[in-house]
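Coordinate analysis (summary)
Residues per chain, in single letters:
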Amino acid sequence: MSVIDLPKIIRPSNPAEVAPVVTQAWPQRWRWTGADYDEIVNTGLFEGQRVELVEGDIFKMSPMNDPHAQAIRLVDYSLRPLFSSNETTFQHSMPLTTW
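Within the protein chain, the regular secondary structure consists of 2 helices and 2 strands. For the protein chain, the sequential pattern of α-helices and β-strands runs α-β-β-α. The buried share of the protein chain, taken over its 99 residues, is 12%. Here the protein chain has roughly 9000 Å² of accessible surface; of this, 58% comes from carbon and sulfur atoms.

Put into structure tokens, the structure is as follows:
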């Protein structure tokens, strides 16, 4: 039924008044800064969890598996000879495993 088909008693004078006005309140995204992240981590909120701050978002990370750790080792061994040891520091975290 269109506005024109409505009985005269309920027909609006302005058909635009019939159209519903939909407003959506979308949640706003909070972008974390490095200082925010450090403060949250220092409170112990993420104690025992692997989390990373990536472009303002905090992601829960899965534990590193052995193939990933081995790939990091291979890249490390390959790159070390290309850089002077007194100018470059290689730093990465690895899972504790028994070989």
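Once the structure has been displayed, the description carries forward.
Glancing now at the pattern of salt bridges. Counting across every chain of the model gives 3 salt bridges. One salt bridge in this structure joins Asp57 and Arg31, with 3.7 Å as the shortest N-O distance. One end of the pair, Asp57, is in strand S2 (residues 57-60); the other, Arg31, is in the segment before helix H1 (34-42), with 26 residues separating them in the sequence. Asp57 sits in the buried class, given a relative accessible area of 15%. Residue classification places Arg31 among the partly exposed residues on the basis of a relative accessible area of 42%. The partner of Asp76 in a salt bridge is Arg80, with the nearest N and O atoms 3.0 Å apart. Taken together, the salt bridges that share partners define one network made up of Arg29, Arg31 and Asp57.

What follows covers helix H2 (residues 66-79). Counted at 1.5 Å a residue, the expected span for H2 with its 14 residues is 20 Å, and the 20 Å between its end C-alpha atoms agrees. Here H2 has its buried residues at Ala69, Arg73 and Asp76. Mapping the buried residues of H2 onto a view down its axis gives an arc of 65 degrees, with all of them on the same face. Where H2 begins, the capping side chain belongs to Asn65, and its oxygen is found 3.0 Å from the backbone nitrogen of His68.

To continue, consider the pairing of strand S1 (residues 51-54). Examined bridge by bridge, S1 and S2 share 4 bridges and lie antiparallel to one another. Paired with Leu53 across the two strands is Ile58, which belongs to S2. Hairpin connection of S1 to S2: 2 residues between the antiparallel strands, including Glu55 at a positive phi of 50 degrees.

This part covers unusual backbone geometry. Phi at Glu55 takes a positive value of approximately 50 degrees, unusual for a residue other than glycine. Given the relative accessible area of 67%, Glu55 is considered exposed.

Bringing the environment of Tyr37 into the picture now. Positionally, Tyr37 belongs in helix H1. Take Tyr37: its relative accessible area is 16%, and that puts it in the buried class. As a C-alpha pair, Tyr37 and Glu52 span 15 residues in sequence and 8.9 Å in three-dimensional space. Apart from the residues lying within four places of it in its own chain, the contact partners of Tyr37 are Val51, Glu52, Leu53 and Ile58.

The rules behind the values
Residues numbered from 1 in each chain as written. Predicted model: local features only at pLDDT ≥ 70, side-chain atom pairs only at ≥ 80, totals over all residues. Heavy atoms only, no water. Helix = DSSP H or I, 4+ residues; strand = E, 2+ residues; numbered from the N terminus. Buried < 20%, exposed > 50% of the residue type's maximum accessible area, 1.4 Å probe, protein only. Areas by Shrake-Rupley, 256 points an atom, 1.4 Å probe, with all protein chains shown as cover. Salt bridge = Lys/Arg side-chain N within 4 Å of Asp/Glu carboxyl O. Expected span 1.5 Å × (residues − 1). Arc of directions from axis to C-beta. Polar contact = N/O pair within 3.5 Å; in protein donor to acceptor, adjacent residues only side chain to side chain. Pairing = 2+ DSSP bridges. Contact = heavy atoms within 4.5 Å.

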